[in-house]
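# Geometric and topological summary
So you can see what is in the structure, the chains are spelled out below.
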Amino acid sequence: MKKPKTYFIFTFGCQMNKSDSERVAGDYLARGYQLAKTVDEADEIVINTCSVRKSAEDRARSLINNLSKKFREAKKKPKIILTGCMIHHGEEKLLSMLPFVDEILPIAEVGFNSAAVRRDKQHAWIPISSGCNSFCSFCIVPLSRGREVSRPQPDILAEVRHLVRQGYNEITLVGQNVNSYGLEKVGIGLRKLLMRDPKQLKLPANKSQYKKFKGIPPFVKLLDKICEFKQIAKLRFLTSNPWDFSDALIDCISRHPQIDRFIHLPVQSGSNRTLKRMNRGYTWQDYLQVVAKLRRKIPGVTLGTDIIVGFPGETDTDFQETVNLAKKVNWQVAFVARYSPRPGTVSYRLYPDNVSDVVKKKRWQVLENLINQPHLTHRPQVIK
Ligand code: SF4
């Protein structure tokens, strides 16, 4: 009998990438491939990349260099396929930069509905949307993954039903902006602007990039439907954007004890000047309002966040405003990143990376101590 072909996958980056890799594996199995025991035995190697910081791209490049050294003298060279966020560089550029790569695979080609290969037998990640319309100025996602596409509700529910039958009792819904699931987008035309002279580049209005929705938002309807599966003991979702976190969503969480009481709500900065330049669509006061509503309606809710320090032009005063907000909100955990300019993004084109590494590191340390190791500083106050 002919030996089946084998595959091996390397995954960098966020949960969305991990979820995508599960589906890439499912696609291989559907085509009769088997998972190789080691990378040396693989006929095809997929590298699912991340571009959120330069260091993430450097790690993928160094892996490819190591693979090229490893297989240079080998009798049989595996096919190397690159996918994930690095594909925003474009096929031509990537293939000339990384000649050892054989193929560039846009992740959208794998699709939502390839069966995922999951190692965990209790908890499952389910993608509900891909791409993003929000164009935060520092972020490569709208360019690497394209415009937001929502997965049809019946397909998501069919996957939940299937998982429940297999004994899964924890689910995390994933998407770049889950709150905007199924919403109608506002045409912002930024892509066209990106093609022009950077001096002419204007940010779209700092506001939600979705049409106002009357009635129950599609994401809330989806959560209500999933909560009808009583076998699901814990339901989580990632990632939420503050400007699309509706009152209806807060009510929905409060009426379903199955929905996790930990909410990850990225703020990125506590300075309105910086938020505007990040094109985040809210002020720190708007963010606090969402936090106050969450605390009022959902007893025991805890919050996490993402913060970028050293965004171009961030002054000591801007940073102090982020510190002040941290003291007010009392996040349980924060993923604090030092700004890293990503070619192709709006902030890369518009603003010089003018905060030094030393200052970025100091600011990072202040927030780490304040939020993630609060025993090193005083207790922050909690707003009600
Ligand atoms: S909401 Fe902003 S940070 Fe999040 S994926 Fe979209 S553009 Fe990037």
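Rules used in this analysis
Residues numbered from 1 in each chain as written. Predicted model: local features only at pLDDT ≥ 70, side-chain atom pairs only at ≥ 80, totals over all residues. Heavy atoms only, no water. Buried < 20%, exposed > 50% of the residue type's maximum accessible area, 1.4 Å probe, protein only. Helix = DSSP H or I, 4+ residues; strand = E, 2+ residues; numbered from the N terminus. Contact = heavy atoms within 4.5 Å. Expected span 1.5 Å × (residues − 1). Near = heavy atom within 4 Å. Nonpolar A, V, L, I, M, F, W, Y, C, P; charged D, E, K, R; others polar. Domains from an automatic or database assignment. Buried area = accessible area lost by both parts, 1.4 Å probe. Pairing = 2+ DSSP bridges. Axes fitted to C-alpha atoms, helices over the stretch in contact; angles between N-to-C directions. Parallel < 35°, antiparallel > 145°, perpendicular 65-115°, else oblique. Core = buried A, V, L, I, M, F, W, Y, C linked by side-chain atoms within 4.5 Å. Disulfide = S-S within 2.5 Å.

## Some details on helix 7 (residues 218–227)
Where burial is concerned, most of helix 7 is hidden: 7 out of the 10 residues are buried. Within helix 7, burial applies to Pro218, Phe219, Val220, Leu222, Leu223, Ile226 and Cys227. Turning to helix 7, the residues buried within the fold contact helix 5 (153–165), strand 9 (170–174), strand 10 (234–238) and helix 8 (247–255).

## What about helix 10 (residues 284–297)?
The terminal C-alpha atoms of helix 10, which comprises 14 residues, lie 20 Å apart, in line with the 20 Å expected from a rise of 1.5 Å per residue. Within helix 10 the residues assigned to the buried category are Tyr287, Leu288, Val290, Val291, Ala292, Leu294 and Arg295. For helix 10, the elements touching its buried residues are helix 8, strand 12 (302–309) and helix 11 (316–329).

## Examining the environment of Phe71
Within the secondary structure, Phe71 sits in helix 2 (residues 54–72). Residue classification places Phe71 among the buried residues on the basis of a relative accessible area of 6%. Remark: the alpha-carbon pair of Phe71 and Asp40, spanning 31 residues in sequence, is separated by 8.5 Å. The contact partners of Phe71, leaving out residues within four places of it in the chain, are Val39, Asp40, Ile45, Lys76, Pro78 and Phe100.

## Digging into the site of the ligand
Lining the immediate surroundings of the ligand are Cys132, Ser134, Phe135, Cys136, Phe138, Cys139, Val141, Pro142, Gln176, Asn241 and Arg280. Of the residues belonging to the shell around the ligand, the class tally is 7 nonpolar, 3 polar and 1 charged.

## Some points on the domain arrangement of the protein chain
One can read the domain layout of the protein chain as domain 1 (6–109), domain 2 (118–259) and domain 3 (261–384). One C-alpha centre belongs to domain 1, the other to domain 2, and the line joining them spans 26 Å. In this assembly, 13 residues from domain 1 lie in contact with 16 residues from domain 2. Between domain 1 and domain 2 the total buried area reaches about 1,200 Å² when both faces are included, carbon and sulfur atoms providing 61% of it. Considering only the surface of domain 1 that becomes buried against domain 2, Gln15, Met16 and Arg23 emerge as the three largest contributors, covering 45% of it.

## Here's the deal with the sheet that holds strand 11 (residues 262–264)
As summarised here, the arrangement of the 3 strands in space is 11-12-13, forming an open sheet in which the pairing is parallel. In the strand order of this sheet, the two ends are held by strand 11 and strand 13 (333–338), each with one partner. Across the sheet, the mean angle from the axis of one strand to that of its neighbour is 15°, orientation sign disregarded. By the bridge criterion, 3 bridges tie strand 11 to strand 12 in an arrangement that is parallel. Across the sheet, the residue bridging to Phe262 is Thr302, located in strand 12.

## Focus: the packing of helix 11 against helix 13 (residues 357–372)
Their axes nearest at 10 Å, the elements helix 11 and helix 13 cross at an angle of 10°. Here helix 13 runs roughly parallel to helix 11, going by the angle between their axes. Residues Asp316, Phe319, Thr322, Val323, Ala326 and Lys327 of helix 11 form the contact with helix 13, whose participating residues are Arg363, Val366, Leu367, Leu370 and Ile371. Residues of the contact of helix 11 with helix 13, tallied by class, amount to 7 nonpolar, 1 polar and 3 charged.

## Remarks on the environment of Tyr210
One can find Tyr210 in the loop between helix 6 (190–195) and helix 7. When the C-alpha atoms of Tyr210 and Asn66 are compared, they prove to be 44 Å apart, with 144 residues separating the residues in sequence. Those residues in contact with Tyr210 that lie beyond four places of it in its chain are Asn133, Ser134, Glu148, Asn177, Ser180, Leu183, Glu184, Lys185, Val186 and Asp244.

## Brief notes about the nonpolar core
In this structure, Leu173, Phe219, Phe237, Phe245 and Trp331 are the most contacted members of the largest nonpolar core, which totals 63 residues. For this core, the element with the most residues is helix 7, which contributes 6 residues. When we break this core down by domain, the ones giving at least three residues each are domain 2 (118–259) and domain 3 (261–384). Every residue in contact with Phe237, bar those within four places of it in the chain, is listed here: Thr172, Leu173, Val178, Phe219, Leu223, Phe245, Leu249, Ile253, Ile259 and Ile263. If you look at the next biggest cluster of nonpolar residues, it comprises 23 residues, including Phe8, Ala56, Ile87 and Ile104.

## Structural notes on the state of the cysteines
Scanning all chains against the criterion turns up 0 disulfides. Between Cys85, a free cysteine, and Cys50, which holds the nearest cysteine sulfur, the sulfur-to-sulfur gap is 6.1 Å. The structure places no disulfide on Cys227, whose sulfur is separated from the nearest cysteine sulfur, that of Cys252, by 6.1 Å.

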